[in-house]
Amino acid sequence: QLISRLNRENMPEGGHISKALEIERMRLIEEGRAFAQRQFEIFGRFAGKQLREEFLEGTPLALVDRKDYTRMNSLIKRMARKLASRYITRHKRSRMGHLDIRQTLRKNMAYASIPFETIWKQKRTERPKIVAVVDVSRSVAASAQFLLMFLYSLHEILSDLRSFAFSSHLIAVDEILDNHQLEEAIPKVMDTIGFMSTDYGQALIDLKSGFSKVIDKYTTVIVLGDARSNFSNPRTDIMKWISQRCRRIVWLNPEPKSFWGTGDSEMHRYRPYCQVAKTCRNIKDLERVVDDILRHDT
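My aim in this report is to walk through the structure given alongside it, one point at a time. (Residues numbered from 1 in each chain as written. Predicted model: local features only at pLDDT ≥ 70, side-chain atom pairs only at ≥ 80, totals over all residues. Heavy atoms only, no water.)

## Quick notes on the overall build of the protein
Next, step 1: Along the protein, the regular secondary structure elements total eleven helices and eight strands.
Next, step 2: Summing over all exposed atoms, the protein offers an accessible surface of approximately 17,100 Å²; the carbon and sulfur share of this is 54%. (Helix = DSSP H or I, 4+ residues; strand = E, 2+ residues; numbered from the N terminus. Areas by Shrake-Rupley, 256 points an atom, 1.4 Å probe, with all protein chains shown as cover.)

Following this line, the structure appears as structure tokens:
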């Protein structure tokens, strides 16, 4: 108010005072702005980041904005590290084994059962062997890339991971994923085979005819897709063959269960051959499913 009044009165000395006050007013504004920024850095930034990440964890994969892909990549890697540390610890414990009391006492009978020599029981555990078959057609491309990203972030605890992508036909994409950083590899996979009209029957034919040797009794087959095959032959006979040959089939469908079997969805015809079939809409769903696979396969 004083600055305004001095400017209105237009007195010679008032101009100097007005300028000095204006400089101080601007300095005060800058100090206030700097103070608010410091308070945000101390108290608000982490909370805001945490809130954003919690929101992304529950966001349907198909609706994740491209500007959030870097943050999603970071979230997935963090989840993978958490799962990896859990199951690496389990492997270490299994290698060490636990004390076999009966055998230890028997071994030390000559020493009045004082355990100079200990016998340890060891249970052999195998690292999971996984074949991932992902639909990269337009409707589920986003879900497919996040699944591949998740699985390849678990390389420490997966003994054997083979990946196949399909839309109109199926190809192996291991070489692309092995020879490029994930951030570059996923778009390359999509450009090579993605966004075409979907044919699940042809994809199953390609898998059996070209890659049957990768599936055996130790293999968990993960299929990610909406099972919408444009009314083509679903080749459930091959699905049955895979089920009989592998350890189990886990089907992850981005659609809610109420959509399964509607329109051109063949999900109800594939479902009898799957040991697990779940809706997988976001990365929290993905984490739970992968955790369940590791818990049962290690």
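## A word on the side chain of D264
Next, step 1: The topology assignment puts D264 in the loop between β7 (248–253) and α10 (267–270).
Next, step 2: Here D264 falls in the buried class, since its relative accessible area comes to 14%.
Next, step 3: Within polar-contact distance, the side chain of D264 engages the backbone nitrogen of N230 at 3.1 Å.
Next, step 4: Not counting residues within four places of it along the chain, the set of residues in contact with D264 comprises A227, R228, S229, N230 and F231. (Buried < 20%, exposed > 50% of the residue type's maximum accessible area, 1.4 Å probe, protein only. Polar contact = N/O pair within 3.5 Å; in protein donor to acceptor, adjacent residues only side chain to side chain. Contact = heavy atoms within 4.5 Å.)

## Observations regarding the packing of aromatic side chains
Next, step 1: For the coordinates displayed, the defined rule picks out five aromatic pairs.
Next, step 2: For the pair Y200 and Y270, a centre-to-centre distance of 6.3 Å together with 40° between the ring planes defines the contact as tilted. Of this pair, Y200 sits in helix α8 (residues 200–211) while Y270 sits in helix α10; the two residues are 70 residues apart in sequence, bridging distant segments of the chain.
Next, step 3: On the accessibility criterion, Y270 (0% relative accessible area) is buried. (Phe/Tyr/Trp six-rings, centres within 6.5 Å; stacked < 30°, edge-to-face > 60°.)

## Side note on the nonpolar core
Next, step 1: Counting 51 residues, the largest nonpolar core has F150, L154, L177 and L252 as its most contacted members.
Next, step 2: In contact with F150, other than residues within four places in its own chain, are I76, M79, A80, L83, L286, E287 and V290.
Next, step 3: F164, L170, Y200 and I249 belong to the second largest nonpolar core, which has 26 residues in total. (Core = buried A, V, L, I, M, F, W, Y, C linked by side-chain atoms within 4.5 Å.)

## A look at the environment of Y69
Next, step 1: Residue placement: Y69 occurs in helix α3 (residues 69–96).
Next, step 2: For Y69, the contacting residues outside a window of four places in its chain are V64, Q145 and F146.

## Re the pairing of strand β6 (residues 219–224)
Next, step 1: Burial runs high along β6: six of the six residues are buried.
Next, step 2: Every second residue of β6 is oriented toward a common face, with T219, V221 and V223 on one face and T220, I222 and L224 on the other, all of them buried.
Next, step 3: The pairing of strand β3 (residues 129–135) with β6 spans six bridges and is parallel. Paired with K129 across the strands is T219, a residue of β6. (Pairing = 2+ DSSP bridges.)

## Looking at the sheet that holds strand β8 (residues 276–279)
Next, step 1: Sheet architecture is open: six strands sit in the order β5-β4-β3-β6-β7-β8, paired in mixed fashion. The sheet is open, and its two borders are formed by β5 (170–172) and β8, each paired with just one other strand. Ignoring strand direction, the axes of neighbouring strands in this sheet form an average angle of 20°.
Next, step 2: Where strand β4 (residues 160–166) lies against β5, three bridges are found, and the strand directions are antiparallel. (Axes fitted to C-alpha atoms, helices over the stretch in contact; angles between N-to-C directions.)

## Concerning the state of the cysteines
Next, step 1: Inspection of every chain in the model, using the stated rule, returns zero disulfides.
Next, step 2: Unpaired in terms of disulfides, C246 finds its nearest cysteine sulfur in C274, a separation of 9.2 Å.
Next, step 3: On the basis of relative accessibility, which here comes to 8%, the residue C246 falls in the buried class. (Disulfide = S-S within 2.5 Å.)

## A short note on unusual backbone geometry
Next, step 1: A positive phi angle, near 60°, is found at A227, a position not held by glycine.
Next, step 2: Within the secondary structure, A227 is located in the loop between β6 and α9 (236–245).
Next, step 3: Classification of A227 as buried rests on a relative accessible area of 0%.
Next, step 4: Positive phi is not limited to glycine here, since N230 has a value of about 55°.
Next, step 5: Along the polypeptide, N230 turns up in the loop between β6 and α9.
Next, step 6: On the basis of relative accessible area, N230 is assigned to the partly exposed category, the value being 40%.

None of this, on its own, says anything about what the molecule does.
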